[in-house]
Every structure is written in C-alpha cells, then in structure tokens.
Amino acid sequence: MLLKEEHKLIKETARQLANKHIAPFAEEWAQKKQFPKAALEPFAQAGFMGVLVPEHLGGAECDYLSYVLFMEEIAKADGGVSTIIGVHNSVGTLPLLKYGSTEQKEQFLKPMAQGKHLGAFCLSEPQAGSDAINIQSKAVKQGNNYILNGVKQFITSGDIADIAIVFAATNHHDDKREISAFIVPTNTKGYTVAKIESKMGQHTSNIAQIVLDNISVPEEYLLGQQGEGYKIALSTLECGRLGVGAQALGMAQKAFEFSLQYAKERESFGKKIFQHQAIQFKLAEMATELEAARQLIHYAASKRDMGHSVIKEAAMAKLFATERAEHICREAIQILGGYGYLSDFPIERIYRDVRVTSIYEGSSEIQKIVIGKELQKEG
Ligand code: COS
C-alpha cells in the first residue's frame, strides 16, 4: 500500500513532534521511572490526544490509517510513552466514542480528546487477563448509584490517569455472566493505587494495581447498556490491537535503523560488517519482516476505515508485528555484538520495551484463538 499525501503529512508531523518532545528525554524518564504528564501538551495541541475523535469533540478526526502511522512514529521515539498515548487514544477514548451518550461525550470524551484528561482501561484482574469474561470485580446497583468493588491489574497509567473505563460484573450467574462498563473519574473516593509494578521494560510508562474500594458512581456513568461491557471491551480491543501492532513496528524499525547504520560503519576482517553476507542476510530478513508487518497493519487499518469489521485482520497484524518485532530487536543486538548488550546503546532497551507487545491487549496466543474463531466462521 502506498500512502497518500495526507497520510504522509500525519506521519511526518508525528515524527517531528516525537523527535522534539519525546526522544531527547525518554532515557531520563525511564531511569527515573517517571513520566511528566506535561510532556503530552504538544501532542494535545496537535490534536493527537484524540486522534480518532471528531473535531467537534476536541479531537483530530483522523482515520485508523493515520492512527497507526502516528503510533509507529511515537513508538520509534519511545516504547513506554507510545503505550501511554496509545492506551489513551484507543481503549481510553474509543469506548466513550462508540458507546457514550451525548452527555458522556461532552463531559468525559471532550476533555480527554483535548488532552486535558488522560485515560486508563481497567479490564484485567490478578486472576483474569486473557479470560476477560471471568473478571471478579462487582458493581451493585444501590438506588441511583452503582457501587464498585474489586482489584484491577496491569493498568497502564493507572497512577496518572484522570478517567478510567472500569469493567465489573453486574451479575455472577455462571450460565450468563453479565459484565458492564463504567466511567470512573480517578479522583472518586475509593479509587486506590495499591501498587506500581516493577517490570522488565517500558520504564517511561507505569502499570498499576488498582483497588476499587466501594467506589460509588451515579448510574449516568454506566457506559452503554448494563451487560454490554464484554462487547465494549472486545470491540475496543480490536482497534487497540492495531495500535499495538504499530507500536511494535515502530520500536523494531528504530532497532533496525540503528543496526543498519552500525553495520555500515563498523569494520571487521578488513571490511565494513555490512559487507559480510551473514550480516547482510540478517538485515535483508529484518527489512522484509518490517515491511510485511507494516503492510498487514496498514491493510487492517484501511479496511477498518472502509467501515468493515477487522477482528481477524487486527489480530493477524498484532500477532505478526509483535512476534517479528522481538526477532528484529534480537537480530539488531546480534549485529552490534557485545555493544548491543550494553545500555550505552539503545537496542537493549528497545528489546526489553518490545517484549510486552506480544502480551498486552491480547497475547499472541489469544490472537491465534481470535483468528481461529474467525476462520471457523468462514466458508
Ligand atoms: N466487536 C464487536 N463485538 C465483538 C467483538 C468485536 N471486535 N468481538 C467480540 N464481540 C462480541 C461478540 O459478538 C459477542 O456478542 P454476543 O454475545 O452478543 O454474540 C461477544 O462480544 C462475545 O464474543 P465472543 O463469544 O467471540 O467472545 P469469547 O468469550 O469467545 O472471546 C477471547 C474469547 C479469549 C477471544 C476473548 O475473551 C479475548 O479477546 N480475551 C483477551 C482479552 C484481552 O485482550 N485482555 C487484555 C486486556 S488489555 S491489557
């Protein structure tokens, strides 16, 4: 797929912003394990905190192809920051965009799209990640309010977000479990950041364990219909997965470019290491995998832009891009040899950052289940 001028412009704008406002500071943020929310301001100014949200609601009103191009560029600058921005733009704002009432869009989506409020997505729990239907958090109706109790796990930006989309069971009958989605401002009494997890990579982005301790929200904060939560979660994850594929692509592209440059400068056995066929074959394979991943992602995004469901295509794009990205980063380190293993060079960090992309928003194994389910329906 070749890009049109408008898409090239989005990519270039995102690249410039990321190079100016993320890349130079990412290492310092990662070392401190702290991300200053103020760093999102230039992205808000450009409309990139509501990439997919209509202009009248404060967003940039871009299509999905623009979104994945944008995400690739942000991830090239830093994987962790791309997760914060990606979660906000996809599973943070999309449930409100697709299922929110007019009032909910005005009250919650607009300030999110304008970049005034940051979003989080509270689905996973300590004992239920892939098995999302099995979440144990409960929401009980009391008068005109819902009372939420439970524990949420691996919540990106759980500590710095302003608005959380929280999923909880509104009944527990085994034959027909009912999950509902709620809008929870994180300053609501009972929203408790219990723990910031220590992890392998993406140190610019925190994941938190959130305890829902008798949180009371008015019934107006129910998103969609009661019992519609599982569908809301799965449909927003469908699009979120496109963004995660693009993140993996961006990180791998950065590792590839660094190793290519290195191979053209470093000498061994009397010539540039690029001239050794062993190295050239690696780079040829990496470049091919990158392009294949990019085409899968762009195809899925474009098909979505034409109004089609992309359950299978988004799963394929995420599966392929995230798995190959890890391989590309591995090979990039191999090309740098011992230097690739040092923190002085960026690739060991990218390798750690990219690892989680084949786990979050649906692991590779879940993507295969999703693809398999779709294949079963065909012909
Ligand atoms: N868009 C709209 N609706 C969708 C949808 C989509 N992309 N995907 C599923 N649905 C709907 C289905 O149509 C179905 O609705 P009905 O009950 O009205 O028919 C409902 O949602 C349930 O779909 P399905 O029966 O296919 O779901 P399963 O329980 O079989 O799904 C898996 C099982 C494992 C695929 C699912 O639980 C899943 O994706 N798990 C991973 C969750 C995840 O990504 N966790 C990480 C959280 S973010 S870190």
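Going by the annotation in an unreviewed UniProt entry, the name recorded for the protein chain is 3-sulfinopropanoyl-CoA desulfinase, with Candidatus Berkiella cookevillensis given as the source organism. Here the protein chain is described in UniProt, under the heading Catalytic activity (unreviewed entry), as follows: "3-sulfinopropanoyl-CoA + H2O = propanoyl-CoA + sulfite + H(+)". Here the protein chain is described in UniProt, under the heading Cofactor (unreviewed entry), as follows: "FAD".

**Q** Looking at this structure, I do not really get the overall build of the protein chain. What am I missing?
**A** Scanning the protein chain from N- to C-terminus turns up twelve helices and ten strands. Taking the principal axes of the C-alpha coordinates as reference, the protein chain spans close to 80 × 55 × 40 Å. Scored against the burial criterion, the 379 residues of the protein chain give a buried share of 55%. A total accessible area of about 16,800 Å² is found for the protein chain, and carbon and sulfur atoms account for 52% of it. Here the protein chain carries 42 positive and 45 negative side-chain charges, and the mean point of each set is 3 Å from the other.

**Q** I'm lost on the pattern of salt bridges in this one. Help?
**A** Any two side chains of opposite charge can pair, so long as their charged atoms come close to each other. Within this structure, the stated rule accounts for 25 salt bridges. Across the salt bridge formed by Lys-312 and Glu-378, the nearest N and O atoms sit 2.7 Å from each other. Of this pair, Lys-312 sits in helix H10 (residues 311–336) while Glu-378 sits in the segment after helix H12 (364–377), and the two are 66 residues apart along the sequence. With a relative accessible area of 17%, Lys-312 lands in the buried category. Salt bridges linked by common partners bring Lys-11, Glu-72, Glu-73, Glu-291 and Arg-294 together as one network.

**Q** Which parts of the structure should I look at to understand the nonpolar core?
**A** For soluble globular proteins, nonpolar side chains are generally found buried alongside one another. In this structure, Ile-22, Phe-43, Val-68, Phe-70 and Ile-85 are the most contacted members of the largest nonpolar core, which totals 66 residues. Mapped by element, the contributors of at least two residues to this core are helix H1 (5–21), helix H3 (41–45), helix H4 (64–77), helix H5 (79–92), helix H8 (229–265), helix H9 (277–305), H10 and helix H11 (347–354). At eleven residues, H8 tops the list of elements feeding residues into this core. Per-domain counts for this core show at least three residues from each of domain 1 (5–114) and domain 3 (231–377). Apart from residues no more than four positions distant in its own chain, Phe-43 is found in contact with Leu-17, Ala-18, His-21, Ile-22, Phe-48, Met-49, Phe-70, Ile-74 and Ile-85. Counting 46 residues, the second-largest nonpolar core is a separate cluster that includes Ala-161, Ile-165, Val-166 and Ile-179.

**Q** Even after reading the chapter, I still don't get the side chain of Ser-137, so can you show me in this structure?
**A** Along the chain, Ser-137 falls in the loop between strand E1 (119–122) and strand E2 (138–142). Under the relative-accessibility criterion, Ser-137 is labelled buried at 0%. A distance of 2.6 Å separates polar atoms of two side chains, one belonging to Ser-137 and the other to Glu-125. Other than its neighbours up to four places away in sequence, Ser-137 contacts Glu-125, Asn-149, Gly-150, Val-151, Lys-152, Phe-167, Ala-168, Ala-169, His-172 and Leu-212.

**Q** What should I look at first to understand the environment of Pro-185 in this one?
**A** Note that Pro-185 resides in strand E5 (residues 178–185). On the basis of relative accessibility, which here comes to 13%, the residue Pro-185 falls in the buried class. In sequence terms Pro-185 and Ile-165 are 20 residues apart; their C-alpha atoms lie 8.7 Å from each other. Beyond its immediate stretch of four places on either side in the chain, Pro-185 contacts Phe-108, Asp-162, Ile-163 and Tyr-221.

What counts and how
Residues numbered from 1 in each chain as written. Predicted model: local features only at pLDDT ≥ 70, side-chain atom pairs only at ≥ 80, totals over all residues. Heavy atoms only, no water. UniProt positions renumbered as here; feature names shortened; annotations may be inferred. Helix = DSSP H or I, 4+ residues; strand = E, 2+ residues; numbered from the N terminus. Buried < 20%, exposed > 50% of the residue type's maximum accessible area, 1.4 Å probe, protein only. Areas by Shrake-Rupley, 256 points an atom, 1.4 Å probe, with all protein chains shown as cover. Lys, Arg positive; Asp, Glu negative; His and termini not counted. Charge placed at Lys NZ, Arg CZ, Asp CG, Glu CD. Salt bridge = Lys/Arg side-chain N within 4 Å of Asp/Glu carboxyl O. Core = buried A, V, L, I, M, F, W, Y, C linked by side-chain atoms within 4.5 Å. Domains from an automatic or database assignment. Contact = heavy atoms within 4.5 Å. Polar contact = N/O pair within 3.5 Å; in protein donor to acceptor, adjacent residues only side chain to side chain.

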